[in-house]
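# Close look at the chain arrangement
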Amino acid sequence: MAEAALIRTGLPAQMRCIEVLEPGKHSRLQFSRQPLPELACGQVLIQVAAAGVNRADLMQRRGLYPAMPDESPTLGLEVSGVVVAAAEPELAGWLGKEVMALVPGGGYAEYVRVPAAHVMPVPQGWDLIQAAATPEVFLTAYQLLFSIGQLQPGQRVLLHAGASGVGTAAIQLAKARGAEVAVTVGSDEKAQCCLALGAELAINYRQQDFVEVLRQQWPAGVDLILDPVAGDYIAKNAALLAMDAKVVIYAMMAGRQAELDFAPWFRKRAQLIWSTLRNRSHDYKAGLVQALLADFAASFAAGNIRPKLDRVLCWTQAEPAHQLLATNQTIGKVVLQIAGADPAATLDSGIS
Ligand SMILES: NC(=O)c1ccc[n+]([C@@H]2O[C@H](COP(=O)([O-])OP(=O)(O)OC[C@H]3O[C@@H](n4cnc5c(N)ncnc54)[C@H](OP(=O)(O)O)[C@@H]3O)[C@@H](O)[C@H]2O)c1
């Protein structure tokens, strides 16, 4: 711990965290012990209650999505917990507060450090499980819909992977902004969930051609498409564009290559945009946190917008949690409970 840090209570010298062994196709997870993170200027230390699981964690353990330089290589991009130390007296107001935070890594641990500017108070009436399921997916959805997509009330948005963590957040934010929402999903159960969250249209792509359905239902086209699928979806998206439409690709779950006819994009003056959150600057993320809270903190506290939880597992179940995501079984978020876990417990190796 840096000398400048204000320590609220006696903290242990070491913490447990989950580390990745043999990053790659055959990676494994294992508990390890590490010194508590040292605080740099502007940072606070969170005693982690729970961590959200994200598909990015699965990519990171495969070696495809490494931590940014100087950031923790431990998995975990969002947490909830209690602030137990702060680097400067100006940050002392956070001490003892229940918070949720976007972290650059290190969330699968008993303690994590984070810039105070990336920390949000737990909304009134929420528990720490809901809070852990919020920062990464709601900040991603906010960024894609509004900062990049410039979604306006009355516009039409198509969300691929509508029942994903990001998708379930995006449906709620887009509806709250007064947009019309369509989603694509891989099962009727996922479609029902998206409709219950407010989507007007949920298309099970295993049963229907989503291009055909949308051309019938929304003949004027779609103003904004958020697409984590890419691959052959990019050409399909081109058939759905309204004038001046934007298509934001934020992952490549169906592959990184596709044949593309430029003509429909020209005709519609459309924009094809690629976006990441993790490698944005500290200030950009801080601005996003402020913008999300300014626009939606009241809706969070009123309970109008909440993360859609699939399930909560003890962090000893991190491996089965990853398998659930990898096999597309989850609807909304999986959260790992870290506080209160048996300190002698070992990690489960898979789904029984
Ligand atoms: N660029 C960024 O800033 C950013 C930020 C956050 C997340 N992401 C990325 O966004 C994606 C969603 O993340 P998440 O954590 O919300 O995921 P998630 O909760 O695990 O949900 C992903 C869903 O995508 C669908 N899917 C998977 N493979 C597919 C394919 N080949 N074609 C069509 N649909 C497919 C599946 O649902 P169905 O059964 O409905 O097909 C799956 O359940 C991930 O790839 C993640 O890495 C990017």
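Before going into details, it helps to say that this report is about the structure given with it. Since we're looking at a predicted model, the values are computed, not measured.

## A few points about the pairing of strand S5 (residues 78-86)
Counting buried positions along S5 gives eight out of nine residues, so the element sits mostly inside the fold. Here strand S4 (residues 43-52) pairs with S5 via seven bridges, running antiparallel. The residue of S5 that forms the bridge with Leu-45 is Ala-85. Bridge analysis of S5 against strand S6 (residues 98-102) gives five bridges, and the strand direction is antiparallel. When the sheet's bridge partners are listed, Ser-80 is paired in S6 with Met-100.

## Points about empty space enclosed by the protein
Under the criterion given, the structure shown has one cavity of 30 Å³ or more. Considering only enclosed or pocket space, the largest cavity measures out at about 30 Å³ in volume. Around the largest cavity sit Leu-159, His-160, Val-166, Gly-167, Ala-170, Leu-226 and Tyr-250, which together line it. For the lining of the largest cavity, the elements supplying multiple residues, two or more each, are strand S9 (156-160) and helix H4 (165-176). Element by element, the count of residues in the lining of the largest cavity is highest for H4, at three residues. In terms of residue class, the lining of the largest cavity is built from five nonpolar, two polar and no charged.

## A few points about the nonpolar core
Counting 47 residues, the largest nonpolar core has Leu-145, Val-157, Leu-159, Leu-173, Leu-226 and Leu-292 as the members making the most contacts within it. Put simply, the parts of the chain that give this core at least two residues each are S6, helix H3 (135-148), S9, H4, strand S10 (180-185), helix H5 (188-196), strand S12 (222-227) and helix H9 (282-302). For this core, the element with the highest residue contribution is H3, accounting for nine residues. The residues contacting Leu-292, other than those within four sequence positions of it, are Met-120, Phe-138, Leu-139, Tyr-142, Leu-173, Ala-297 and Phe-300. Val-48, Ala-86, Ala-116 and Ala-341 belong to the second-largest nonpolar core, a separate cluster that totals 33 residues.

## Comments concerning the site of the ligand
Taken together, the neighbourhood of the ligand is formed by 26 residues, with Arg-55, Gly-186, Lys-190, Tyr-205 and Ser-275 sitting nearest. Note that an oxygen atom of the ligand is positioned 2.9 Å from one of the backbone N or O atoms of Gly-165. Contacts to the ligand include Gly-186, whose backbone N or O atom sits 2.7 Å from an oxygen atom. When the ligand is considered free in solution it has 920 Å² of accessible area, and contact with the protein chains removes 91% of it. Put simply, the parts of the chain that give the shell around the ligand at least two residues each are helix H1 (55-61), H3 and H4. With three residues, H1 is the single largest residue contributor to the shell around the ligand. Split by residue class, the shell around the ligand holds 15 nonpolar, eight polar and three charged.

## Notes on the sheet that holds strand S11 (residues 201-204)
Across the sheet, six strands lie side by side as S11-S10-S9-S12-S13-S14; this open sheet has parallel pairing. The open sheet has two free edges, formed respectively by S11 and strand S14 (271-274), since each of these has just one partner strand. Going across the sheet, the axis of each strand differs from the next one's by a mean of 15°, ignoring polarity. Two elements, S9 and S12, share three bridges in a ladder whose sense is parallel. Bridging across to S12, Leu-159 finds its partner in Leu-226. Those strands touched by H3 are S9, S12, strand S13 (241-249) and S14, and its axis lies near 150° from that of S12.

Conventions and cut-offs
Residues numbered from 1 in each chain as written. Predicted model: local features only at pLDDT ≥ 70, side-chain atom pairs only at ≥ 80, totals over all residues. Heavy atoms only, no water. Buried < 20%, exposed > 50% of the residue type's maximum accessible area, 1.4 Å probe, protein only. Helix = DSSP H or I, 4+ residues; strand = E, 2+ residues; numbered from the N terminus. Pairing = 2+ DSSP bridges. 1 Å grid on protein atoms, 1.4 Å probe; cavity = no way out; pocket = protein on both sides within 12 Å on 5 of 7 lines; lining within 4 Å. Points joined across faces, edges and corners; volume = space filled by probe spheres on them. Nonpolar A, V, L, I, M, F, W, Y, C, P; charged D, E, K, R; others polar. Core = buried A, V, L, I, M, F, W, Y, C linked by side-chain atoms within 4.5 Å. Contact = heavy atoms within 4.5 Å. Near = heavy atom within 4 Å. Polar contact = N/O pair within 3.5 Å; in protein donor to acceptor, adjacent residues only side chain to side chain. Areas by Shrake-Rupley, 256 points an atom, 1.4 Å probe, with all protein chains shown as cover. Axes fitted to C-alpha atoms, helices over the stretch in contact; angles between N-to-C directions.

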